[in-house]
Each structure stands twice: as C-alpha cells, then as structure tokens.
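# Examining the three-dimensional arrangement
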Amino acid sequence: MRYRHLPTLTLALGVVLLVDVLRVFLPAVITIFGQAASTPAELLGAFAFGWFLLALTAPALIRRVGARPVTLAAAVLLVVARLAVNGQPGGPLQLWLATAGLLAGLVWLAGAAATTDRPVPGLALGLAVGALLHTALDTYRSAFFGDWPAWLAAVAVAGLFLAGQARPASAAGPGGVRSWLLAGPALLLAGMVALSPAVARTATSYQFGLLRSDPADAVGVATVPLFGAAPLAVAVGGFLLAALASPRQGAWRWLGPVALVAGAVLVALERGELLLPAVLLGAVGLGACLASAGAADGGTRGGTDDTGAPGPDGGGRDPAQGGGGQGPARAAGRRGYAAVAGMLVFAVAAVAYYAAYDLGHPNAGVPVAVAVLVAAVALTTRPAPSPGPTPAGGGPGRLAPGPRRQSLPPVWTAASAAVLTLLAAVASDELLSASNRDGPPETVRVVAYNVRMGFGIHGRFDPDALARAVAGADVVALSEVDRGWLLNGGHDTLDLLAERLDMPYVFAPAADPLWGDAVLSRWPLDAARTRPLPAVGAPTGAQALGVTVDFSGGVRLAVIATHLQPPPGEDPVVQARAVADFAVRYAAGRPLVVAGDLNTEPGDPAFAEFTRAGLVDALAAARPLPTSPADAPRQQIDHVFVTPDLTAGEAAAPPGTASDHLPVAVTLTLPRG
C-alpha cells in the first residue's frame, strides 16, 4: 500500500476493528445481558441503543478538546478492548469489554469523520476487508479465537491501525457529510446481506445444494453446497468496483439505487431461493450508492488529497479547532454528527428488525427502508465542481475526469479483493459427505439439541463445545439454528457444526431463511420437506422438517425435526397436533422419529398430541430428564418420540453449558427387514 493511501488504509482497518467489536457486542447483549431470554426485549433494545445515543456527545467533545487527541485516545481504547475481548470469550466481562470497545469505536468514528472529508474509499475497503477476513475464518473466530495465529493477526491489524492513526491529520475540506451519514446504514446492509459470507453460503445452499434427490421434495430447504461462500467473491468485487469507480450520471445514476432497493425487497420476501440475487444486487447497489454520495466530496477546496498534503486553502491545523476560522470547525462537526447519526440508524434498524422475533411486529420492511434511505441520499447528491478545468472524454454516462485526488485503483482493487475472497472461500470450506455406507446398522444414536444459535449459557460462541455435546451421534436434530444473523455475529452455526462432525445437513427456515431447524446425519438424506406451523400468536415462526435417512438395504428412517414456538405461557397444543399429523403422513408407515425442543412437558396437552398419534416417548425410561436451563435444569421440554417399531435405550441428557439447553440422546434399535 503506497504512502498516499495510508489514510484510506487506516480508516479501513478502523472499520474492520469496529465491525469486530460489534460482532461481539450484539450477541453479548442478547445472551449475557439478556440472561437466556429472561430480560424483556424492550430493556435489551434500550441498553443497546443507549450506547449509540451516548456517542452523540463525541462531536462536541472533539470540538472542545480537538480531533487528534480524542481520536487517538479512542483508537487506543478500541484496540485494547478488541484484544481484550479476544481473550475473554463469554461472561459479563466480555459484555462490558465489548461495550467499551463499541463506545470507543463510535467516538473514533466521529473523530475520523472530523478529519476526513472523503471517506468512501476507506469505508468501502474496510467493509470488503472485513468480509474477506470473515470468509477466511469460516465466519468464525474473528473475536473468539484464542490460538496464537489469531493473536498474531489481531496484533498486526491493531499495530497497523495505531501506526496510521498516529500520523498527524491534514486539514479537511467542507465535504463528506453525506458519505459519513451512510457509514452506519452501509455497515448494516453489508452485515445483514450484501457482504456476509454466512448469508452467501446459506443462499448457495438453497439453490445449489448437493443432497437433493428430488427437487420437488426439497422446496424451501437448504442442503450442503459446494464452495458455498464462493459467490461472495463476486459480491465483494462488484461492491468495490462500484464504490471506487466514478459514479454514473444521467439516467445511469439510477442503476445503483434501484439495484440496492431491489436486493432489499428480495430479502423482505423471506424466501431462500431469492437470497443469492439479493446478495449480488445488494453488494453492487450499495457500492454504487456510496460512490454517488462520495462524488460530492471530490475536488473540495481546502481539503487534502490521499497523499496527506494540504489542498489549495488547507493548512495543517486540527480541523475540529476554530483556529482557522469557524468554517472548518463547523464542517468537522457536521461530519462527526453525520457519522454518529448514521450509526444511530444502524442501531435503530437492527433493534427494530431483530426485536420483531420477540415482540411480534412486522420487520420485513426494515432493510427496505434502510436501502431506500441510502438510495435517496445517493440520488440527491450532486458531484462537487472540480477546482480546475475539466478535460473532455469522460465517456458516456460518467463524470468527466477532471483533476481529482488520488484514490484506490478501482479495477485492480476490486479484482484483487475478489480473487482473495474466492481463495478464502475455497480454502475455508469443507465438502461434507455421508460416510457410513457399509450396510444398515442395528442401532442408531439420535440426538435432539436446541443450540441457541451456538451461544452457551455464559454467552460464549463455541461450536467445538457443541460438537463435543453431540459426539457419537448418528442423526442430530437441531433447533434454533442461526445461519448468518448479524445480531448473532454473522456466524453460520450449522456449517461450523456440520464440519466438526463431518455430517451433511438439511436446513429448513422458521423465522426467516437464516434461522430455523436442521437434521444432520452420517447416512445419506433425501426426500426433504418442510411445513410451516400455525403461529397461534407467537412472534417467532415455527416449522416441521421431514427428511429420510437411507441406511441402504431397504432400511429407511423418517426423521422430523421441529421447534414448537407457542406464545409465552401457553401450551403449543395446536402446533403439536400439526407436527404429529405431518409426521405420520410423511413417514407413510416407515419407522419414524420426531425430535426437538417442543416447549411442553410430560402430561401437558401438547405432549399428549404425540402419544395420541401413536408415538412413544423414547426418553420415558430415564424420566425425569430436565433439559432447561442448562446450568440448573428444571424443565423437561426437549423430547424424542418414536413409532413402536423402534426400541429405545440408553436415554440421557449429557450435562454441559454449550447452549442454554441440554441435548437429549437415545439409542434406537432399528427393525429388520
């Protein structure tokens, strides 16, 4: 990276660190402050939003003290918090470290805005590099990985960031307000869809899964993809190319905003087969909108180029100080408030979207509203006049390339990022295959496990612990599986667990295409079907996933994975009846297993619906067998039901805190012939 690009690189590394801290802060609020769903959703939202609101004091502090000392102090605290979180995976200390890092990151962002009037290259590069690193780490361990390579990488990023931050800032021009306003919305859209490797992998698994035997049976489910995150390379390359190239003019300028809004609309439709075009459209559209907003930042008087040299009217003064007149100070303040306001949009939209799964309000329009905001800012931006004569020959539909400050080369940067992302996707992915093909076994170990998105009772994200909890299983039914929610850190929990177990999977959405239930198996799976369950007033959706395990030799087992979601305080009798009816029809006389978090206890009406359908409680011999909460289990709400032709034995609920539930396991003897 040449020296003239050092400010851009520094801003990009700061964005990477801020996103890393957010990936810890957001799930920590849910799993640690939320205390396993015992804290009201309104209080969770107020806690999270309050820290973003507090950052509104940062521009005033910068104006009084000066941008350089405030920004440098915030950068140091951001780095310290980021490294400390790396060594504290879980517990209240992690929450407060992440909170301190978040607040420091927001103050740093306001300080960076005060001294930078042309942020789009740095913001775009930071989002792209963050996506690349997240892909290389297989959507995991950016903030929870304690081995020495991660420490070395974290220290290297932190050192480069601080070294660049220590460089004195040159005077900035009056522009940049619109670009900084879009920083928060861009971070949200990139993390939710456009530049998320977990979402890209999930999208690929809906359209190009490898386990489908009959496409008609597999409608609405996702299966193991080949190089699942590879489409992200196209998204990253298209995003950077659109963000760094000269923005379009005339009718062409509508292309980016329309693409972004179209991608958000596809997300709002909540259909898995639409996720992949949503990722690609969203990435290119977001980049183009950033470029349009940044067009007003070029050629401003009194600014700097990317070499750090003062512009025609620039000095070397702190742009947040009033020594050079009130104009630069006011411009710096406007940019600082714009950056914090953009992050407030991030916070409000994130809380509004994800709180819907607790409060029950509609949320499909949230990403569309944010995309419309970004598109509106892009469309209402007009390019700033260049400070000198503009030669002709800019090409149709583009701005004429007048004297401009140095930026990252669009084609080279985009191509390099795309290639690196593709290599990271291929290197980090594993091809899963069913390995037990030597003939039908006599017994099968079945496990049902509510994994709470991969977060343990103390808020630690630990897929290795999840894998240990189900060790020895032949068939696993999972509940509360997250495949890329930004709220939970953007991890693909299902893929991470499947790779550790070396077991292919079938996934069915419940709340939306990224959250639901799954079945993993050491034997081939086919004939996957999913049925939505009646909501009966519950805010979170529910479904029943049916798959068939083929043991060869004509021995087949029907498995139904579900997670009943009744309204608080009610028995899920309506959903239980729907699952039982679906299961019996799906099995069509074959041996049948129904497993999952059923949110009902023995003796309750919903429990009776399964026995009324002719199923047997496979855990009966081990009762009482409480499974929730994991650290002091009192409730028997996780179950395995089977048809009478399956003999159950060795039922257990292995202790552990990898989730807020314990798994339930049982060995089933298969009927012969």
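Structure first, text after, so check above.
These lines cover the structure that appears in this document, whether it is placed above or below. (Residues numbered from 1 in each chain as written. Predicted model: local features only at pLDDT ≥ 70, side-chain atom pairs only at ≥ 80, totals over all residues. Heavy atoms only, no water.)

## Regarding the sheet that holds strand β8 (residues 556–563)
Operational definition: Note: two strands are recorded as paired if DSSP finds a minimum of 2 bridges between them. Secondary structure follows DSSP: runs of H or I at least 4 residues long count as helices, runs of E at least 2 residues long count as strands, and numbering of each begins at the N terminus. Contact criterion: two residues are considered in contact whenever any of their non-hydrogen atoms come within 4.5 Å of each other. Angular values range over 0 to 180 degrees, each being the angle between N-to-C directions of two axes fitted as lines to C-alpha atoms, with helices fitted over their stretch in contact.
Taking strand neighbours across the sheet as the criterion, the six strands line up as β6-β7-β8-β9-β11-β10 in an open arrangement whose pairing is mixed. Unpaired on one side and paired on the other, β6 (525–532) and β10 (616–617) mark the two borders of the sheet. In this structure, strand β9 (residues 592–597) lies alongside strand β11 (residues 638–642), joined through five bridges in antiparallel fashion. The residue of β11 that forms the bridge with Val593 is Val642. Packed onto the sheet, helix α20 (residues 605–612) meets β9, β10 and β11 and runs at close to 20° relative to β11.

## Concerning the pattern of salt bridges
To keep it simple, the criterion reads: Salt bridge, as used here: a side-chain nitrogen of Lys or Arg that lies within 4 Å of a carboxyl oxygen of Asp or Glu. Whether a residue is buried, partly exposed or exposed follows from its accessible area with a 1.4 Å probe, protein chains only, as a fraction of its type maximum: under 20%, in between, or over 50%, in that order.
Tallying each qualifying case throughout the model produces 16 salt bridges. Asp429 is the partner of Arg201 in a salt bridge, and the nearest nitrogen-oxygen pair spans 3.9 Å. Taken together, the residues span a long stretch of sequence, with Arg201 in helix α10 (residues 197–207) and Asp429 in the loop between α16 (410–428) and β2 (443–450) at a distance of 228 residues. Each of the two residues, Arg201 as well as Asp429, counts as buried. The closest approach of N and O atoms between Arg500 and Asp464, which form a salt bridge, is 2.8 Å. In this pair, Arg500 sits in helix α18 (residues 493–501) while Asp464 sits in helix α17 (residues 463–469), placing the two residues 36 residues apart along the sequence.

## Regarding the environment of Val261
Along the chain, Val261 turns up in helix α12 (residues 255–268). Assessed through its relative accessible area of 22%, Val261 is described here as partly exposed. Leaving out residues up to four positions away in the same chain, Val261 has contacts with Ala371, Val372 and Ala375.

Fair warning: the whole summary comes from geometry, so function is off the table for now.
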